[in-house]
Amino acid sequence: MNMNTNLKGRLRNTSLPYNNGLLPMFEAVANSIHSIEEAGLSIDSGKISVEILRNTQKTLNFQDSKKRPGPEATGDIIGFKIIDNGVGFNDVNMRSFLTLDSDHKAEKGGRGVGRLLWLKAFKTARIDSLYETNSGSLKSRKFIFNASKGVSEISDTIEQKDSKRLTIIHLDGYFDRYREGSFKTTKTIANSLFEHCLYYFVREGGAPKIIVYDEEESIDLDEVYEDHMLTSAVSDNITIKNYVFDLIHVKLRSNSAKSHIVAYCAANRLVKEENLKGKI
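Below you will find a few notes about this structure. Since this is a predicted model, take the numbers as computed values, not measurements. (Residues numbered from 1 in each chain as written. Predicted model: local features only at pLDDT ≥ 70, side-chain atom pairs only at ≥ 80, totals over all residues. Heavy atoms only, no water.)

For an α-helix the count is 3.6 residues per turn, leaving residues at separations of three or four pointing the same way. Extensive coverage of helix α4 (residues 114-121) is indicated by the burial of eight of its eight residues. For α4, the set of buried residues is Gly114, Arg115, Leu116, Leu117, Trp118, Leu119, Lys120 and Ala121. (Buried < 20%, exposed > 50% of the residue type's maximum accessible area, 1.4 Å probe, protein only. Helix = DSSP H or I, 4+ residues; strand = E, 2+ residues; numbered from the N terminus.)

Right, dumping it as structure tokens:
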């Protein structure tokens, strides 16, 4: 007998601290990396862009009108757009999306809860995906995902042959409590995204091209990688009880927000971090 699922109740029982308001966007980027891998694209062919969407009504400080506008005058972040050229929301991935706690990406370490985090920090997620069917044609799938209606306004259409595979995840309606507790500038957001995705950059094969856009500014995470790395990552391995563990030693510059940690990785993704402060 199938069990019904209460999305609002599931969201209520899903934890997301207010200072982790960028994590839903990070999860969407990780999904894009997996989608590119699933499409069989090389790191040179795979492309991911992260657009920071801001309120065009910039906040003015009338209590200190003599102060020149600076970074603080930039409009509030209201959402993000994550765009990739991966496999997209084909029938298999759509069924997985409609299944809470799906084990579709279990072999990649996915727990099937990333999209729940979207609705913890954002009012709505809008998905627009051009994906390739089994016959080789491109099909468009669009839908809206929110707490009140779940998945709604689904539309499926066949696209013209000259279209290209593309998926857009639009996270809209950034809740104040999460926006206020998160990084706000382009640089700090790009650095934080890089550190969250660090394993993808230092693993064998590397990461696809990821660029963060914010109005007229753009930051390539490959450049962030070069800026953060003090020396190249060094690979090693150890054997414990006949199990071989691969080690990657990474030394970041002091401008990194990360402290000394051990990052445990499996199935091509970060699983857990352990702080080494006070242990060595």
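Having seen the structure, we can now continue with the description.
In this structure the tally under the stated criterion is 13 aromatic pairs. Considering the side-chain rings of Tyr18 and Tyr178, the 5.1 Å spacing of their centres and the 85° angle between planes classify their relative orientation as edge-to-face. Linking Tyr18 in the loop between α1 (7-12) and α2 (23-38) with Tyr178 in helix α5 (residues 176-180), this pair joins segments that are 160 residues apart in sequence. Using a relative accessible area of 49% as the deciding quantity, one classes Tyr18 as partly exposed. Judged by centre distance (5.3 Å) and plane angle (65°), the ring pair of Phe97 and Phe143 falls under edge-to-face. A residue pair is termed long-range when its members are at least 10 positions apart, and Phe97 in helix α3 (residues 91-97) and Phe143 in strand β4 (residues 138-146) qualify at 46 residues. For the pair Phe97 and Phe143, one class covers both residues: buried. A connected cluster of aromatic rings, assembled from ring pairs, spans Phe89, Phe97, Trp118, Phe143 and Phe145. Cation over ring: Arg115 sits above Phe97, and NZ or CZ is 5.3 Å from the ring centre. Looking at Arg177, its charged tip hangs above the ring of Phe175, at a distance of 5.2 Å from the centre. (Phe/Tyr/Trp six-rings, centres within 6.5 Å; stacked < 30°, edge-to-face > 60°. Lys NZ or Arg CZ within 6 Å of the ring centre and 35° of its normal.)

Take the packing of helix α6 (residues 186-196) against helix α8 (residues 221-228) next. When two helices pack together, you describe them by how their axes are tilted relative to each other and by the distance separating the axes. Running from N to C, α6 and α8 point in directions that differ by 80°, and their axes come no closer than 10 Å. Relative to α8, the element α6 is oriented roughly perpendicular. Across the interface between the two elements, Ala190, Asn191, Leu193, Phe194 and Glu195 of α6 pack against Leu221, Val224, Tyr225 and His228 of α8. Of the residues assigned to the contact of α6 with α8, the class counts are six nonpolar, two polar and one charged. (Axes fitted to C-alpha atoms, helices over the stretch in contact; angles between N-to-C directions. Parallel < 35°, antiparallel > 145°, perpendicular 65-115°, else oblique. Contact = heavy atoms within 4.5 Å. Nonpolar A, V, L, I, M, F, W, Y, C, P; charged D, E, K, R; others polar.)

Moving on: the sheet that holds strand β5 (residues 150-158). Think of a sheet as strands paired side by side through backbone hydrogen bonds, with each pair either parallel or antiparallel. Judged by pairing direction, the sheet is mixed, and its eight strands sit side by side in the order β5-β4-β3-β6-β2-β1-β7-β8 without closing on themselves. Looking along the sheet, the strands with just one partner apiece sit at the ends: β5 and β8 (217-220). Neighbour-to-neighbour, the strand axes of this sheet turn through a mean angle of 15°, independent of strand direction. Bridging between strand β3 (residues 122-132) and strand β6 (residues 166-174) involves eight bridges; their strand directions are antiparallel. Looking across to β6, one finds that Thr124 is bridged to Asp172. (Pairing = 2+ DSSP bridges.)

The next point concerns α6. With eight of its eleven residues buried, α6 lies for the most part within the structure. Listed in full, the buried residues belonging to α6 are Thr186, Ile189, Ala190, Asn191, Ser192, Leu193, Phe194 and Glu195.

Take the side chain of Glu27 next. Examined against the element boundaries, Glu27 turns out to sit in helix α2. Its relative accessible area of 14% is what places Glu27 among the buried residues. Ignoring any residue separated from it by four or fewer positions in sequence, one finds Glu27 in contact with Gly114, Leu117, His196 and Arg269.

Topologically, Thr167 is positioned in strand β6. Within the local environment of Thr167, its side chain forms a polar contact with the side chain of Ser129, the two groups lying 2.8 Å apart. Setting aside its immediate chain neighbours within four residues, Thr167 contacts Ile82, Ile83, Asp84, Gly88, Phe89, Asp128, Ser129 and Leu130. (Polar contact = N/O pair within 3.5 Å; in protein donor to acceptor, adjacent residues only side chain to side chain.)

Take unusual backbone geometry next. In this model, Lys241 sits at a positive phi of 50°, which is unusual for a non-glycine residue. Examined against the element boundaries, Lys241 turns out to sit in the loop between β9 (234-240) and β10 (243-249). One non-glycine residue, Asn242, lies in positive phi territory at about 70°. The class for Asn242 is exposed, based on a relative accessible area of 76%.

Next up on the list: the nonpolar core. Met25, Val29, Phe80, Ile82, Trp118, Leu193 and Leu221 are the most contacted members of the largest nonpolar core, which totals 52 residues. Per-element accounting of this core gives the leading share, seven residues, to α2. In contact with Trp118, other than residues within four places in its own chain, are Pro24, Ala28, Asn31, Phe97, Ala125, Ile127, Phe145, Ile169 and Leu171. (Core = buried A, V, L, I, M, F, W, Y, C linked by side-chain atoms within 4.5 Å.)

This model, assessed by the stated rule, comprises eleven salt bridges. Notably, a salt bridge pairs Asp176 with Arg179, separated by 2.5 Å at the nearest N-O pair. Of this pair, Asp176 and Arg179 both sit in helix α5, three residues apart, which is roughly one turn of that helix. Overall, the relative accessible area of 14% leaves Arg179 in the buried class. (Salt bridge = Lys/Arg side-chain N within 4 Å of Asp/Glu carboxyl O.)

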